[in-house]
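# Summary of the model geometry
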Amino acid sequence: MFEYRSLLDRPFTDPFGWDDVFRGFDRILRDADRDIGLASTGYAPARFDEETDKFVLRVEVPGVAEKDVHVDFHDGVLTVSAERQVTEPEGFTPRRRERGSQKFSRSYALGERADAEKTTAELKDGVLAVSIGKAAVAQKKSIAVKAA
Amino acid sequence: MLGITKSKNDAARKADDKTFAAPAVDVYENDNEFLVLADLPGVPQDGAEVTLERDRLVLQAPAPGRNYRREFAVPPSVDAEAVSASLKAGVLTVHLPKRAPYKPRQIAVRTA
């Protein structure tokens, strides 16, 4: 259950199991890493899914402007980076600070499985969604078996 | 006895099925208001619910794969009627203005 705390309570000591939430995300990241992850700096909760005809990478970047998000595809490596600068509103005294500034970059080696031409990226409601079309080689194809 | 234990376990299991997430929150204060900022990535502009009942501020929003929820105790200085909230780019902003008696007032000192 969620503990009932005051707006003014300090310091913050994870009464909500926030750490558990992050551990869950970390696990997702590690699973993705085992498969295709290359390098990363910083941190943002991300999820990499494989669908029939595409890969979908979703990264949580609340409050990040479009101009601070970069998606590159080079030599079969997809690199996603984003930066968030959290600034104190002027004239206010901070009472609780949990939302940090973040700067992150992750690369995924997709090799010949991905089709750069069919890659699109969309930033919506604080989530960056990158859709990477699968190359023909990566798509499952059933071969009809003919009786001889 | 056995029955009670069983129902307790069922309740616990049910709670586990639903994934709640506590969003990261910043709280600021100045003379006129409290300002609450919460990260709610994946929640559309009209998808968050902010309620203030007595002294409890509840922020909640469903998002793909989880439900965001967080509660706070609000000081009595807050003017419940004047609370406003907006959501943009996955960040919820809640303004909680203070009632007049709690705002600092400059008293002019007159020379006699």
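Values in this document were obtained by computation on a predicted structure and should not be read as measured data.

All names here are of chain A. Note that strand S3 (residues 46–50) and strand S4 (residues 54–60) share five bridges and pair antiparallel. What sits directly across from Ala 46, in S4, is Val 59. If you look at the hairpin formed by S3 and S4, you'll find three residues sitting between the two strands. As paired elements, S4 and strand S10 (residues 127–134) share seven bridges and run antiparallel to each other. Considered in S10, the bridge of Glu 60 is made with Val 127.

Put simply, an interface is often sized by how much accessible area is lost when its parts join up. With 27 residues of chain A at the interface, the matching set in chain B holds 28 residues. Elements represented by at least two residues in the side of chain A that touches chain B include exactly strand S1 (5–6), helix H1 (18–35) and strand S7 (93–97) of chain A. For the side of chain A that touches chain B, a count of residues per class yields 13 nonpolar, five polar and nine charged. With four bridges connecting them, S7 of chain A and strand S2 (residues 25–29) of chain B associate as antiparallel partners. Considered in S2 of chain B, the bridge of Thr 93 of chain A is made with Glu 29 of chain B.

Residues and elements named next belong to chain A. Read from one edge of the open sheet, four strands run S3-S4-S10-S9, paired in antiparallel fashion. Only two strands of the sheet have a single partner each, and these edge strands are S3 and strand S9 (114–124). Ignoring strand direction, the axes of neighbouring strands in this sheet form an average angle of 15°.

What follows is about the sheet that holds strand S7 (residues 84–88) of chain B. If you walk across this open sheet you meet the five strands as S7(A)-S2(B)-S3(B)-S8(B)-S7(B), and the pairing is antiparallel. Only two strands of the sheet have a single partner each, and these edge strands are S7 of chain A together with S7 of chain B. When strand polarity is set aside, the average angle formed by the axes of neighbouring strands in this sheet is 15°. The sheet contact formed by S7 of chain B and strand S8 (residues 91–97) of chain B spans five bridges and is antiparallel. The partner of Ser 86 of chain B across the bridge, within S8 of chain B, is Thr 93 of chain B.

Next up on the list: the pairing of strand S5 (residues 69–74) of chain A. Residues and elements named next belong to chain A. Across the six residues of S5, zero count as buried, placing the element largely on the outside. Looking at chain direction, S5 and strand S6 (residues 77–84) are connected through six bridges and run antiparallel. In the sheet register, His 74 faces S6, and the bridge partner there is Val 77. Counting the residues between successive antiparallel strands, the hairpin from S5 to S6 contains two residues, one of them, Asp 75, with a positive phi of roughly 50°.

Moving on, we get to the environment of Glu 33 of chain B. Residues and elements named next belong to chain B. Its place among the elements puts Glu 33 in strand S3 (residues 33–39). Taking the C-alpha atoms as reference points, Glu 33 and Gly 47, separated by 14 residues in sequence, lie 24 Å from one another. Beyond its immediate chain neighbours, meaning those up to four positions away, Glu 33 contacts His 95, Leu 96, Pro 97 and Lys 98.

Glancing now at the confidence of the model for chain A. All names here are of chain A. Of all residues in chain A, 72% have pLDDT values of 70 or greater, and the mean over the chain is 78. The low-confidence segment residues 10–18, where pLDDT is below 50, has 11 contacts with residues more than four positions distant or belonging to other chains. The model gives residues 25–37 a pLDDT under 50, and that stretch makes nine contacts with residues more than four places away or in other chains.

Time to look at unusual backbone geometry. The phi torsion of most residues other than glycine is negative, and most of the peptide bonds are trans. Residue Asp 125 of chain A is not a glycine yet carries a positive backbone phi of 50°. Checked against the element boundaries, Asp 125 of chain A lands in the loop between S9 and S10. For Asp 125 of chain A, a count of 19 C-beta atoms within 10 Å translates into the label partly exposed. Look at Ala 89 of chain B: it is not a glycine, yet its phi comes out positive at around 50°. Inspection of the secondary structure puts Ala 89 of chain B in the loop between S7 and S8. On the basis of neighbour count, Ala 89 of chain B is assigned to the partly exposed category, with 19 C-beta atoms found within 10 Å.

Here is what the cut-offs are and how they apply
- Residues numbered from 1 in each chain as written.
- Chains lettered and ligands numbered in written order.
- Predicted model: local features only at pLDDT ≥ 70, side-chain atom pairs only at ≥ 80, totals over all residues.
- Pairing = 2+ DSSP bridges.
- Helix = DSSP H or I, 4+ residues; strand = E, 2+ residues; numbered from the N terminus.
- Contact = placed C-beta atoms within 7 Å.
- Nonpolar A, V, L, I, M, F, W, Y, C, P; charged D, E, K, R; others polar.
- Axes fitted to C-alpha atoms, helices over the stretch in contact; angles between N-to-C directions.
- Buried ≥ 20, exposed ≤ 12 C-beta atoms within 10 Å, placed from the backbone.
- pLDDT = per-residue confidence, 0-100.

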